[in-house]
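As a plain string of letters, each chain reads:
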Amino acid sequence: MLELPPLSLYIHIPWCIKKCPYCDFNSHEAVGSLPQENYLAALLEDFREDVRYFQERKIHSVFIGGGTPSLFPAEFFEKLLCGLRNMASFETDFECTLEANPSTVESGRFSEYRNVGINRLSIGIQSFNDPSLSSLGRVHDSNQARFAIETCLCAGFDNFNLDLMYGLPGQEIDSAILDLETALNYRPAHISWYQLTVEPNTAFYNAPPSLPDEDTIMTMQLEAMDLFESGGLKRYEISAYALPDMPSKHNLNYWTFGDYIGIGAGAHGKITFPDQNSIVRTRKVKQPSHYLNQDKPYLAEQTAIESNDLIIEFMMNALRLTQGFDAGLFERRTGRSFADIEKRLKHLQSQGLLQQDNGRIRPSPKGQLFVNSLLEEFL
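All chains use their own residue numbering, which begins from 1 and follows the written sequence. This being a predicted model, a pLDDT of at least 70 is required before a residue's local features are given, and a value of 80 or more before pairs of side-chain atoms are given or counted; all residues contribute to the totals for chains, interfaces and linings. Heavy atoms throughout the structure, all of them, feed into the side-chain values; hydrogens and water do not.

Asks: Please give an account of the nonpolar core that cites residues and values.
Replies: Grouped burial of nonpolar side chains is what soluble globular proteins tend to show. The nonpolar core is taken to be a set of buried Ala, Val, Leu, Ile, Met, Phe, Trp, Tyr and Cys residues, with the residues joined through side-chain atoms within 4.5 Å. The buried label goes to any residue with under 20% of its type's maximum accessible area, the exposed label to any with over 50%, and the partly exposed label to all in between, with areas taken from a 1.4 Å probe on protein chains only. Residues Leu84 and Leu121 are the most contacted members of the largest nonpolar core, which totals 72 residues. Counting residues in hydrophobic clusters, the runner-up holds 26 residues, among them Leu2, Ile311, Leu353 and Ile361.

Here it is, written out as structure tokens:
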């Protein structure tokens, strides 16, 4: 039987200074002044329309992503958060994350963000190596990356994430490991460390760069595990490492198949309706100009997830977690019987890709390296 899961809120800010060649997110280069007041009004009205999805729940986490949200000043987010609180209830300890890029950092801005209620920053460092940053099309350099982290620390943030990439064009093993060592020296609560992949609809897809081979990538991964361990950050998801008790609440809700409202241009949502025994996905209008058009609806699409698709949808999230999941969570979040997947789980165990202990099903160390092979079993 379906049960209501926790509810999160994702807010999309679609503008950035420059579109990176690897980026497949809904981001658009800012031309001229940004329509802050109009976008604020649209976000609040969009949220007002989505209040019907709450079903008496409180919001337990907020993630403001993009694009580059830190292009907007603290005053924008103060008005936004105030407007949201006037329409909905939030958990007293809710996590509020803002994505920030080093190129948009101004002295004192992080402190201002903290003062208006943002309690977690996610800084898009990607690398501390200038040639690597150039190859990625980033608009900041290594000095700006360090300055951003130091500004974050001076602002009093004890909960912040650093985004790092590896497997970059022409990158050697030593360079990838040095990036990680540099990040760990700042003692962040969380690091997202993920491999560069070439996605469709990106500049890299049309003109692929020369990337490290599989053996080099594997060596980077293995050497990184030792570094994370010595730095006190535990792997809790394929690409996420955190201090004890400091994983991202927002991302954990995604990966345990929780619900989330998505507001802003191109934002996605997932909502459970236990009384209708259904789960729906929502998608908002993608183009910022269309989203800001008051004559057009914010909602572009709402579709129910078919019962047979719920298994793979759940597994695509839960099998990213090193802690895995238990039978109860699967049944509560999908409405399907655990018996529907038991045979397939046993087959994956026999291949050494899954392991079960204390009632939890989780990827084995081998399975963490071959998650796509795990997921193929549920297609």
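Asks: Residues and numbers for helix H8 (residues 214-230), please.
Replies: Helix and strand assignments come from DSSP, with helices taken as H or I runs of at least 4 residues and strands as E runs of at least 2, each series counted from the N terminus. One fewer than the residue count of a helix, multiplied by 1.5 Å, yields its expected span. Here H8 contains 17 residues, and its C-alpha end-to-end distance of 25 Å stays within 8% of the 24 Å for a straight helix at 1.5 Å per residue. Restricting attention to buried positions, one finds in H8 the residues Thr216, Ile217, Met220, Gln221, Ala224, Leu227 and Phe228. Taken around the axis of H8, the buried residues stretch over an arc of 135°, which confines them to a single face. Residues Asp215, Leu222, Asp226 and Ser230 are exposed on H8 and point more than 90 degrees away from its buried face. In what follows, residue pairs with any heavy atoms lying within 4.5 Å of each other are defined as contacts. Considering only its buried residues, H8 is in contact with strand E7 (160-166), helix H6 (173-185), strand E8 (190-195), strand E10 (240-242) and helix H14 (365-369). Residues adjacent in sequence count toward polar contacts only when both atoms are side-chain atoms; beyond that, a polar contact is any pair of N or O atoms within 3.5 Å, and within protein one must be able to donate a hydrogen and the other to accept it. Where H8 begins, the side chain of Asp213 points an oxygen toward the backbone nitrogen of Asp215, at a separation of 3.3 Å. For this quantity, the arc is that covered by the directions from the helix axis to the C-beta atoms.

Asks: A description of the packing of aromatic side chains should follow, citing residues and the corresponding values.
Replies: We call Phe, Tyr and Trp rings a pair once their centres come within 6.5 Å, taking the six-membered ring for Trp, and we label the pair stacked below 30 degrees between planes, edge-to-face above 60, and tilted otherwise. Considering all chains together, one arrives at 21 aromatic pairs under this definition. Each ring, one from Trp15 and one from Tyr39, has its centre 4.9 Å from the other, and the planes form 75°; the classification is edge-to-face. Taken together, the residues Trp15 in strand E2 (residues 15-16) and Tyr39 in helix H1 (residues 36-50) connect sequence positions 24 residues apart. Take Trp15: its relative accessible area is 9%, and that puts it in the buried class.

Asks: Requested: an account of a nonpolar patch on the surface, with residues and values cited.
Replies: To count toward a patch, a residue needs a relative accessible area above 30% and no salt bridge. Like charges then connect within 9 Å, nonpolar side chains (Val, Leu, Ile, Met, Phe, Trp, Tyr) within 5 Å. In short, Shrake-Rupley with a 1.4 Å probe defines the accessible areas, and a residue's cover is counted only from the protein chains shown. By convention in these notes, a salt bridge is any Lys or Arg side-chain nitrogen within 4 Å of a carboxyl oxygen on Asp or Glu. A contiguous nonpolar patch, built from Val198, Tyr205 and Leu211 and spanning about 240 Å² of accessible area, is present on the exposed surface. Here Leu211 lies in the loop between helix H7 (203-206) and H8. The exposure class of Leu211 is partly exposed, given its relative accessible area of 30%.

Asks: So what's going on with the packing of helix H11 (residues 310-318) against helix H12 (residues 327-334)? Residues and values would help.
Replies: In the contact formed by H11 and H12, the axes pass within 10 Å of each other and the chain directions differ by 125°. By the criterion of interaxial angle, the relationship of H11 to H12 is oblique. For H11 against H12, the interelement crossing comes out right-handed. Facing Leu310, Ile311, Phe314 and Met315 of H11, the residues of H12 in contact are Leu329, Phe330, Arg333 and Thr334. In the scheme used here, Gly and all other residues not listed as nonpolar or charged are polar, with Ala, Val, Leu, Ile, Met, Phe, Trp, Tyr, Cys and Pro taken as nonpolar and Asp, Glu, Lys and Arg as charged. Among the residues making up the contact of H11 with H12, the classes are represented as six nonpolar, one polar and one charged. Working convention: axes come from line fits to C-alpha atoms, limited for helices to the stretch in contact. Angles between N-to-C directions cover 0 to 180 degrees. What sets the label is the angle itself: under 35 degrees gives roughly parallel, over 145 gives roughly antiparallel, 65 to 115 gives roughly perpendicular, and the rest give oblique. Take the far helix as your reference; a near helix turned counterclockwise from it by less than a right angle gives a left-handed crossing, and one turned clockwise gives a right-handed crossing.

Asks: Provide a residue-level description of the pattern of salt bridges, including the pertinent values.
Replies: Using the criterion set out here, one finds 16 salt bridges in the structure. The salt bridge involving Arg336 is made with Asp340; its shortest N-O contact spans 3.0 Å. Several salt bridges share partner residues, and in doing so they unite Glu37, Glu75 and Lys79 into one network.

Asks: Residue-level account of the sheet that holds strand E16 (residues 354-357), with values.
Replies: Each strand in a sheet pairs with its neighbour through backbone hydrogen bonds, running either in the same direction (parallel) or in the opposite one (antiparallel). In space, the three strands of this open sheet follow the order E15-E17-E16, with antiparallel pairing throughout. The outermost strands of the open sheet, each flanked by one partner alone, are strand E15 (325-326) and E16. In the sheet, E15 pairs with strand E17 (residues 360-363) via two bridges, with the strands oriented antiparallel. Within E17, the position partnered with Phe325 by the bridge is Ile361. Lying over the sheet, helix H13 (residues 339-350) contacts E15, E16 and E17, oriented at roughly 110° with respect to E16. Paired strands are those between which DSSP finds at least two bridges.

Asks: Go over the packing of H6 against H8 with me, naming the residues and quoting the values.
Replies: Close contact between H6 and H8 brings their axes to 9 Å; oriented N to C, the two are set at 25°. Considering their axes alone, H6 and H8 lie roughly parallel with respect to each other. In this structure, H6 crosses over H8, and the sense of that crossing is right-handed. Across the interface between the two elements, Ile173, Ala176, Ile177, Leu180, Glu181 and Leu184 from H6 touch Thr216, Thr219, Met220, Glu223, Ala224, Leu227 and Phe228 from H8. Among the residues forming the contact of H6 with H8, the class breakdown is nine nonpolar, two polar and two charged.

Asks: Can you break down the environment of Gln302 residue by residue, with the values?
Replies: Positionally, Gln302 belongs in strand E14 (residues 299-304). On the basis of relative accessible area, Gln302 is assigned to the partly exposed category, the value being 40%. Separated by 33 residues in sequence, Gln302 and Gly269 have C-alpha atoms that sit 9.1 Å apart. If we ignore the near neighbours within four places in the chain, the residues touching Gln302 are Tyr53, Val280, Arg281 and Thr282. A polar contact is formed between the side chain of Gln302 and the side chain of Tyr53, at a distance of 2.6 Å.

Asks: Can you break down the side chain of Asn101 residue by residue, with the values?
Replies: Within the element layout of this structure, Asn101 appears in the loop between strand E5 (90-100) and helix H3 (109-115). At 3.4 Å, the side chain of Asn101 and the side chain of Thr68 are in polar contact. A polar atom in the side chain of Asn101 sits 3.3 Å from the side chain of Arg138. Filtering out sequence-adjacent residues up to four positions away, Asn101 remains in contact with Thr68, Ser70, Gly124 and Arg138.

Asks: Please set out the environment of Ser239 residue by residue, giving values where relevant.
Replies: Its location among the elements puts Ser239 in the loop between strand E9 (234-237) and E10. Residue class for Ser239 comes out buried when judged on its relative accessible area of 17%. Separated by 228 residues in sequence, Ser239 and Ile11 place their C-alpha atoms 22 Å apart. Not counting residues within four places of it along the chain, the set of residues in contact with Ser239 comprises Ile191, Ser192, Trp193, Tyr194 and Arg320.

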